[in-house]
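Given next are the chains, with one letter for each unit.
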Amino acid sequence: MLRIGLALMLWPGVVFADDWQTLSGPQIADALTSRVVVFPEGVAQYFLDDGRTVRAGAWGEWRVDLDRYCESWSGKRPICAEVDSDGSYLRFREDSGFIRSGRYGDL
């Protein structure tokens, strides 16, 4: 048991894996504009530079409102979230408490 504990302490990132940084409004825009986020279930969401987004064949709109990401689908009320990044992944923390994260990259 001591060996496992020691191995975890020496393996960077295992114990202290929460290296997320909350993004500001301009950082959110930079992270999402003309980018794609692929979520663990394999669904990709594309963020176009004109404010449109598409996920699983559905089109919506996205914007940055102060320091929060907001998206709306089919004219419904926007869903907003704080956005965190660890450099490879984005994590969206919605007001409802729902959290989703995915790897992001260029279109």
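Note: the structure precedes this text.
The present account deals with the structure reproduced in this document. Computed from a predicted model, the values in this text were never measured in an experiment. (Residues numbered from 1 in each chain as written. Predicted model: local features only at pLDDT ≥ 70, side-chain atom pairs only at ≥ 80, totals over all residues. Heavy atoms only, no water.)

## Considerations on helix α2 (residues 25-32)
Think of an α-helix as turning once every 3.6 residues; residues three or four places apart then point the same way.
Inference 1: Within α2, burial applies to G25, I28, A31 and L32. With its buried residues spanning 125° around the axis, α2 presents them on a single face. Facing away from the buried side of α2, by more than 90 degrees, are the exposed residues P26 and D30.
Inference 2: Following α2 by one or two positions, S34 has its phi on the positive side, about 60°. (Buried < 20%, exposed > 50% of the residue type's maximum accessible area, 1.4 Å probe, protein only. Helix = DSSP H or I, 4+ residues; strand = E, 2+ residues; numbered from the N terminus. Arc of directions from axis to C-beta.)

## Focus on the pattern of salt bridges
Inference 1: Inspection of every chain in the model, using the stated rule, returns 10 salt bridges.
Inference 2: Close ionic contact of D65 with R63 constitutes a salt bridge, the shortest N to O distance being 4.0 Å.
Inference 3: Residue classification places R63 among the partly exposed positions, given a relative accessible area of 38%.
Inference 4: When salt bridges with common partners are traced through the structure, they connect R55, E71, E94 and R100 into a single cluster. (Salt bridge = Lys/Arg side-chain N within 4 Å of Asp/Glu carboxyl O.)

## A short note on the packing of aromatic side chains
Inference 1: Across all of its chains, the model carries 5 aromatic pairs by this definition.
Inference 2: Their ring planes at 55° and their centres at 6.3 Å tell us that F39 and F92 sit as a pair that is tilted. With a gap of 53 residues between them, F39 in the loop between β2 (35-38) and β3 (44-47) and F92 in strand β8 (residues 89-94) connect regions that are remote in the sequence. For the pair F39 and F92, a shared accessibility class is recorded, and that class is buried. (Phe/Tyr/Trp six-rings, centres within 6.5 Å; stacked < 30°, edge-to-face > 60°.)

## So, the state of the cysteines
Inference 1: Counted by the stated rule, this structure contains 1 disulfide.
Inference 2: Note that C70 is cross-linked by a disulfide to C80, the S-S spacing being 2.1 Å. Handedness here is read from the sign of the S-S torsion; for C70 and C80, about 110°, the answer is right-handed. Of this pair, C70 sits in strand β6 (residues 68-73) while C80 sits in strand β7 (residues 79-85), placing them 10 residues apart in sequence. Across this residue pair, the class does not change: C70 and C80 are buried. (Disulfide = S-S within 2.5 Å.)

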